[in-house]
Amino acid sequence: MSFHRFYKTWFDHLRLLVNQLSQAPKPPTTQEHHDALHHLVQKAMAHYAEYYCVKSLAAKHDVLSVFAAPWSTSLERSLLWIGGWRPTTAFHLIYTESSIMFESQIVNILRGLQTGDLGDLSPGQFRRVSELQCDTVREENAITDELSEWQDGSGDMLGLVCGGIADGKMERLGRVLEKADDLRLRTVRKVVEMLTPQQAVQFLIAAAELQFGVHIWGLNHDRRRSDVINQ
């Protein structure tokens, strides 16, 4: 199966997982509820791990195609950082969701009622998220610098008639992509580990809905552009 076809199947399955996450008991009131949420979070994380595993194999076969992500819309490609989403997006998502939920339940929170959701993050959780964000920014910058070095060596492309040079350049690009994907997956895993199962479910739903929304917006834009060109 080509990665393009795999991605479509994987994306459709992600929708099913989000439906399951959305139907999970919130807030959990029994141990059974907690176990169910934990199982769903692990299931979603396994789904993301599968994506990066298959993507890595595809990149070894054709790194340029995977880097260019032809299965994405033009809008999605414009937002890519080294073949995927920027890892620090996860932190912007947490802060945004936390703020929205906090404001919607501020009366109950001021009364001392704990909601247990992303609007109820503890000071310790905020501190750990902030520390992880700083670490992730540093890793992002280091990988970006590595890609810049690869691009700065574009003069070597004049010698691509020599197979050894071409193979070496592609292998190096593949390593940069692998580092970026590793950081993406590690970031999500670490964020989820900092959250309660209920908060992790909400975070994963928000992340997937953002992905769905950008994809649909991109599809609509590409269709309108195609209609104009074909007129």
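Here, every reference points to the structure presented above.
Bear in mind that the values here come from a model prediction, so they are computed numbers and not experimental data. (Residues numbered from 1 in each chain as written. Predicted model: local features only at pLDDT ≥ 70, side-chain atom pairs only at ≥ 80, totals over all residues. Heavy atoms only, no water.)

Q: Sorry if this is basic, but what is going on with the overall build of the protein here?
A: When helices and strands are tallied, the protein shows 9 helices and 0 strands. Its helices and strands taken in sequence order, the protein reads α-α-α-α-α-α-α-α-α from the N to the C terminus. In the protein, buried positions account for 41% of the 231 residues. Of the contacts made within the protein by residues no fewer than 6 positions apart, 77% connect residues no fewer than 24 positions apart. Summing over all exposed atoms, the protein offers an accessible surface of approximately 13000 Å²; the carbon and sulfur share of this is 57%. (Helix = DSSP H or I, 4+ residues; strand = E, 2+ residues; numbered from the N terminus. Buried < 20%, exposed > 50% of the residue type's maximum accessible area, 1.4 Å probe, protein only. Contact = heavy atoms within 4.5 Å. Areas by Shrake-Rupley, 256 points an atom, 1.4 Å probe, with all protein chains shown as cover.)

Q: Would you explain helix H2 (residues 31–61) in this entry?
A: One turn of the α-helix equals 3.6 residues, which is why residues spaced by three or four share an orientation. The end-to-end C-alpha separation of H2 is 46 Å, in line with the 45 Å expected for 31 residues at 1.5 Å each. Among the residues of H2, Leu-37, Leu-40, Val-41, Ala-44, Met-45, His-47, Tyr-48, Tyr-51, Tyr-52, Lys-55, Ala-58 and Ala-59 are the ones counted as buried. (Expected span 1.5 Å × (residues − 1).)

Q: For this particular structure, what's the right way to read the layout of surface pockets?
A: A water-sized probe rolled over the atoms picks out the places where empty space is left. The space that makes up the largest pocket amounts to roughly 680 Å³. If you go around the largest pocket, you meet 27 residues; those closest to its centre are Gly-84, Trp-85, Arg-86, Ala-207 and Gln-211. Elements with a minimum of two residues in the lining of the largest pocket: helix H1 (3–22), H2, helix H5 (89–104), helix H8 (163–194) and helix H9 (197–230). Looking at which element gives the most residues to the lining of the largest pocket, the answer is H9, with 6 residues. (1 Å grid on protein atoms, 1.4 Å probe; cavity = no way out; pocket = protein on both sides within 12 Å on 5 of 7 lines; lining within 4 Å. Points joined across faces, edges and corners; volume = space filled by probe spheres on them.)

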